[in-house]
Each structure stands twice: as structure tokens, then as C-alpha cells.
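Listed below are the residues making up each chain.
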Amino acid sequence: MPQTQFEDEDGTLAMLRDSVAAFAERFPGAERLRSRRASNHDLDREVWAAMAEAGWTGLLLPEDLGGAGLGCREQAVLSESLGRALISEPLVQLAVLSGALLADAPAGAERSRLAQGLADGSLIVSPVWQDLDGTEADMVVTQTGDQLRLTGKAQLVSAAASASDFLVRAALKGEPLLVSVPAAGASVAQRPTVDGAALGSVTLDTLVPAANVIARGERVAALFDRAVELARLALAAELAGLASRALEITVDYTKQRVQFGKPIASFQALQHRMVDMWGEAEFACCAVVNAADALAEAPDRAASLAVLAAKARAGDAATSVTRKAIQLHGAMGFTDECDIGLYMKRAVALNATLGNPESLRLHFLALERAA
Amino acid sequence: MMQQDWNALPDDEFRRIFRDWVDENCPQHLRFMRKQRPLFDEVAEWYHALARKGWLSPVWPQEWGGMGLNPAKHIIYVEEWARLGCPRIPDHGIGLVGPLLLRYGTEEQKAHYLPKILTGEHVWCQGYSEPGSGSDLASLRTSAVREGDEFIVNGQKIWTTLAHCANWIFLLVRTTKSEKKQNGITVLLVDMTSPGVVVRPIPNLREEADFCEVFFDNVRVPVKNVVGAIDQGWTLAKAVLGHERIFLGAPSRPDYALARLEKLAEARGAFNDPAFRSRFAKLRLDLYDLSSAFERFARELRKGGDLSADVSVLKLFTTELYQRITEEMLDVAGEEARFADDLPAGAIDIDAMNLFLDARAPAIFGGSNEIQRNILAKAVLGLPG
């Protein structure tokens, strides 16, 4: 089945794949997703703690901040493997996005505290920065002495109820700030997500010490650009993994399912459809490799284009493959009991995260034609 | 003359050397020809220029007059060729007969035929398909019956590209009727000036004759013209393409078509239409991702690996993308899509209809896309028959 094909001279990537496969034996993805959904939690704390212990929450963080100091290829393979295993904790938001913001931020005590907590699992650090349409939320900061007051509301916050700290994007008289805010000071309302978790709207009217500023000025936009790029790459990889695994499940199912005295996989109409699904998943993997290699080489315009393309391609592939997978499962595919539906729901949710394929393609086109 | 070891050069340097010479020596009036398959005489000057330089045959070993390129360098050769808009030359001799003889031919056959390909004395075509044997090629019926030192060939080939400018044809013929249709097929090299060979061009959708019917009426062919073992030709026919299969999936046609679509759209103001922008972005990203996928297989070759059956995914994608791009050109043309000639687009004309019609072909030839899907279903997904 399709898989990203990276150079892997020292075997790190193969080890990562193996460790996710072993993890999935302990914490089966579909089972844990169902139990989290049933409990109305936005995070499975037990799974998250085990992910931190495995070193995945600090994967992108430098070693002096308690992280593993690995790069975007390793992140891509980790995310792809999590996608395959349907391990659906919001690693992209809580570790890739938060991790990248912290990794590239200027040195400071608060940054170190958050980074170390993220890496060792003692803190859950969620970015607070988006409106409901994905654009930047309006979060206002005023300063009195060495105290900052943050007021405003942001949406689409992962693990908003479980978080210990928020990384808030805000503005002080027009100057962009990245501020660390204790979650305890926020008011949170949750909506369930299609993949059995929840997203919060976070309303702040909170005082924090000025020392909680992690970054300021032009640096903030640059931090978010870089973090979003890494997050999109991780999402693309996870989507590629979902697509590949959903195809594999479907191929196995159609080989087992007998109608008219034959396995339905022997019918040409179904074979051609599955070949097309395979092609979609294969292209998604190729696009992820292209983007990860480009980003690892230099975070330039070419890499930005590659990441936009990969997220668009993998999102289309995963949603398309999983929809077709449900059709090929027949009525079983429409039951909640059958795992294939969870793959589709997860794909739909990730596809909508940080830009759907249409918006990413238009972004790509604008960026390329502007040159 | 000292032979140059091209494979020892860094890729960039080889690319530069090759491109510079080709750009200087490929005649301008032959660049970006409308015709996908020009006749030998139409491109003879370019053919001979390449031959004189020793660059006509990229893959053959240097002892046989080729460049001896490895797959990595061959990909660069093909990419630069396409980028500079050089015309396709009649290349069945270079691309098919040469590799076939180099792998399965006798020393005598190699010494006789290979030099004549390089001089252009022999222009080859490929006699595979028959009226009743297209996708089901192994059912072929053109017969070769042995009489002493000769075979007597009777039957008909069809869709024989450039047969009307070729003087030699390599044929798949039935030498033995056997229960398993793949057995009893033989590869035979036939002089088309032999009595009993008749060629009839078939005009295609573009009202050009790229391909032909070829009739064989008691054509006498020496037994020494058999390649490999009698009755064992099917294996040879299947094995003749190695890493070259990647080129069926090269992005060059959709790449060229998208550039034309972009020019047409700019001239017609189509980019002001959000719906068009959305469709164009989809096509652009499909092309971009096709290049990423092509690179994945090219990388495999560079590492010294072989292509597996899954490389067919490139052929499916590139041919279907080529079609969609040219369909979009007709949409942009609006009412003007009724015209057979080119569309004025500012300083240049865009051959939208020509490309739209041309795009019907690649999804059919080289193993139709439906056959490719059958193969992928079995070879890659392991689906039952």
C-alpha cells in the first residue's frame, strides 16, 4: 500500500513507524476514539501521556528544551503512521503548532517552561488564535504597569477544556504579541467534532504578567507562518496515512465479501475504482515527500508551494478514498460499528483544518502567479 | 575518438552540456511542431545532426554508437528534449529494435542492423496490434509458416505508427497454434520492400496519418530474421521496455498544454473569473503533483532500482490530465471552440483544438488506461481475477 518513500539512512524513520505500530497495539485508534467520543472529552489524557512518553509531543523541539530535535521528515512519518493507526489526539495543534511556535521563539523563562512541559507531557499547550472561519481572531491586549489584560474571543481551539496553557496571538495597540495565558483564566464553550473530540471557543478577560510575552512584533507573524506550514505538512502526512490505510481495509474487505458466488474484489468495476483510490493515496504520499524534502532543505517560497500542494492533495485523497471506501463496504460501511466510517470522519475533519483543498490551491496559484 | 563517460558528470553539468548543444543545433522551424509524429523526411536534418554528434541513441552502449546513459541521465535527456520543443523523431529503431537486439539478438544481427538505424538507412516501425487483437494482443493471428530457410507471412497489422515512412518492421507473428495463446509467437524482422507488403495510412481525428494498416500477402522472410527463439517471442515483446516505461508517464504533454491554456486564458481575461481560477488551480496542482510522483519513480531509478508495475499510475494520471487541460481550453474558447484552426491569443496563436484532439490518443495507446487499471488491480492490489 502507498507509503511515503524517504531516504532513511540511519533507520530513524523505520523505527518511528515501528513504534507507532506498537503504540497502536496498546491504544487501538478506533477503540480509543469511540471511548473519547462517548465521554465527551476533547482529549484522551491517558493516550496523550503515552504519546509524550514516546517522545512525540516534543519531536520538533530542540534538545535543550527537552525535545527530540528532529525535523519535518520525522514529523511527516510520525503523522502518517498515526493516520494509518487512526490515533486521533490533536497532536498537530498541541505539539506541531505549539511546538513550532515555541521552538522558534526567542529564549525566555516562560518559553522554556512551556516547551519542557509540552515535551514531558506535564503541560497541555493549545494555540488560541483563530476565528471560526480560520482567520486571525480579534484578541486585544492592554498594558497596565507590568500586567497585561487580554480580552477577546477565539474559536477552533483544540483541547480547550483539557489545556493547561494557551498560546494566544494578540495585539497591543497594533503590535502583534504571542502571549502565554493560564487556561484557568479563560471561559470555554465546547462543540463536538465529527472525529469524536471537541473544539472550544475561548473567551478571555484575563490579567497576566508582562513576562508571559513569548514573542512580539513582526516575529509573531513569521512564527505563525512557519508553524502553520509545519502543521499543514503534518496534516497532509496524517491524511495520506488515513487514505492508505482506508484503502487497505477496503481491499481486504472486498476480497472477503462474497456475492454472486465470488469475492466482490473480482469485479472489474470495483477493481478499477480501487486502482483509482490507490492512485490517489500514492499521489498523496508523493506530495508529502516532496513537501517535507523541500521544507527540510530551505523554508523558502518553493517549500511553501510544496506544502500547500501536499495538504490539498492529501486532503482530497483522504476524503475521496474514504467516501469510496464506505460505498465499497455497502450497508456495513454506513454502520457506526464499522471502523471505515471513522476514517472518513477523521479525514473530513483534518481536511477542513488549516485550509481545505480549494482554498489551498487558490493560495498556491496566487503565490505562484505573483512571482 | 575518446568516448565521454556521461554518467560520470554531475547531473547539472550534463543537463547544461546537452541543453546548450541541442538548443544550438535543433532547427528552430522544427521546435514545438503541431505534429506529434512527424515523418522521417520532415525531421531528417535533426536526425542526422544527432547521429553525427553521437547523441541519437541515448541508452545504447557506446560500443554500438550510443551514449550509454544510465536512467538518471536518460531522464535529463528526455526532459531537456521536451523543454526545448524538439520534434519526436521516428524512434522505433532507437527505442525498441535496438534494445531488443542488444538483449536478444545474435552478434551478426547486432552488427547488421544497429549501424543502419544510426545512419537512418533503416527506418523501423512496430507490427504488434491487429484488427482482432488490440488489448488482447496475445490473440494475434498474422501467421508465419516455415518453408526451408524462409517463413511465409500472411495477415494484417494495424495502428502501425509511421509505417508509411518505414522500410523495416519488427513483427509479432504466430508460428505455432497452441492452447496457451502466449506460446507460439515469434519476433520477426521484415524488410518492407519485400513483395507482398502493402501499407495503407489511416487518417486520425486530427486528419493526419500517424498510423497505418500493413498487409502481408505471402511475404517471404529469411529464418535468420527471427529474434530470440522461435515460438518464444511473447517474453521478448513484453521485456523490451525497461526503465523507459517511466516516459509513458512523463508530465511533458500536460505541461505544454497547461502553458498554452495559461496564455489563452490571459489573452481572454479568463483569470478574472473566479470559477475559472478555481478550475485552473486544480489543473495546475494536478500537474505539480504529477511531477512529484514522477520524481518518486525517477529517484527509484537513480538509486539503481527497477520500476515495478505501479509506475503505470503515472501513465494514467498524465494522459487523463492532458485530456482535462485541453477540455478546459475549449471551455475558455467559448463559441470559438467551433473552429478547426488555431485561436488568436495576443501575439501568438493557440492550437487548442489540435491539442484537444491529440489528447484522445495517449489514453488509448501504450496499453489503454483500462488495461493499465486491470494490470494495477492484479499486480499492485492483488485483486482476484
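Everything numeric in this text was worked out from a predicted model, so none of it was measured.

Peer 1: Sorry if this is basic, but what is going on with the domain arrangement of chain B here?
Peer 2: Accessible area lost upon the coming together of the parts is a frequently used measure of interface size. All names here are of chain B. When cut into domains, chain B gives domain 1 (6–89), domain 2 (124–237) and domain 3 (241–379). The C-alpha centroid of domain 2 is placed 29 Å from the C-alpha centroid of domain 1. Opposite the six residues of domain 1 that make contact, domain 2 presents five residues. Of the residues belonging to the side of domain 1 that touches domain 2, the class tally is two nonpolar, one polar and three charged.

Peer 1: Explanation requested: the environment of B:Lys35 in the structure shown.
Peer 2: Secondary-structure assignment places B:Lys35 in the loop between helix 1 (11–25) and helix 2 (44–53). Once the C-alpha coordinates of B:Lys35 and B:Gly66 are considered, the two residues, 31 residues apart in sequence, prove to be 26 Å apart.

Peer 1: Got a minute to help me understand the nonpolar core in this structure?
Peer 2: Most often, soluble globular proteins keep nonpolar side chains buried together rather than apart. Residue and element names in this part refer to chain A. Val179, Leu233, Leu239, Val288 and Ala291 are the most contacted members of the largest nonpolar core, which totals 241 residues. Looking at this core element by element, the count peaks at 18 residues for helix 7 (residues 218–256). Contacts of valine 179, omitting those with residues within four sequence positions, involve Val141, Leu148, Leu150, Val168, Ala170, Val208, Asn212, Val213 and Ile214.

Peer 1: Teacher, can you tell me more about the packing of helix 9 (residues 301–328) of chain A against helix 11 (residues 357–370) of chain A here?
Peer 2: A pair of packed helices is captured by two measures, namely the crossing angle of their axes and the spacing between those axes. All names here are of chain A. One can describe the packing of helix 9 onto helix 11 by two numbers: an axis separation of 9 Å at closest approach and a directional angle of 155 degrees. With respect to their mutual orientation, helix 9 and helix 11 come out roughly antiparallel. The handedness of the crossing between helix 9 and helix 11 is left-handed. Along its contact with helix 9, which presents Arg301, Ser304, Leu305, Leu308, Ala309, Lys311, Ala312, Gly315 and Asp316, the element helix 11 presents Pro357, Leu360, Arg361, His363, Phe364, Leu367 and Glu368. Grouping the constituent residues of the contact of helix 9 with helix 11 by class yields eight nonpolar, three polar and five charged.

Peer 1: Just to check I follow, could you spell out the domain arrangement of chain A for this structure?
Peer 2: Residues and elements named next belong to chain A. Under the domain assignment used here, chain A contains domain 1 (12–120), domain 2 (125–216) and domain 3 (220–370). Spacing between the C-alpha centres of domain 2 and domain 3 amounts to 30 Å. The interface of domain 2 with domain 3 comprises nine residues on the first partner and eight residues on the second. Elements that contribute at least two residues to the side of domain 2 that touches domain 3 include exactly strand 5 (175–182) and strand 8 (213–216). Examining the composition of the side of domain 2 that touches domain 3, we find that three residues originate from one element, strand 5, more than from any other. Across the side of domain 2 that touches domain 3, the residue classes tally to five nonpolar, one polar and three charged.

What counts as what
Residues numbered from 1 in each chain as written. Chains lettered and ligands numbered in written order. Predicted model: local features only at pLDDT ≥ 70, side-chain atom pairs only at ≥ 80, totals over all residues. Domains from an automatic or database assignment. Contact = placed C-beta atoms within 7 Å. Nonpolar A, V, L, I, M, F, W, Y, C, P; charged D, E, K, R; others polar. Helix = DSSP H or I, 4+ residues; strand = E, 2+ residues; numbered from the N terminus. Core = buried A, V, L, I, M, F, W, Y, C linked by C-beta atoms within 7 Å. Buried ≥ 20, exposed ≤ 12 C-beta atoms within 10 Å, placed from the backbone. Axes fitted to C-alpha atoms, helices over the stretch in contact; angles between N-to-C directions. Parallel < 35°, antiparallel > 145°, perpendicular 65-115°, else oblique. Left-handed = near helix turned anticlockwise from the far one by under 90°.

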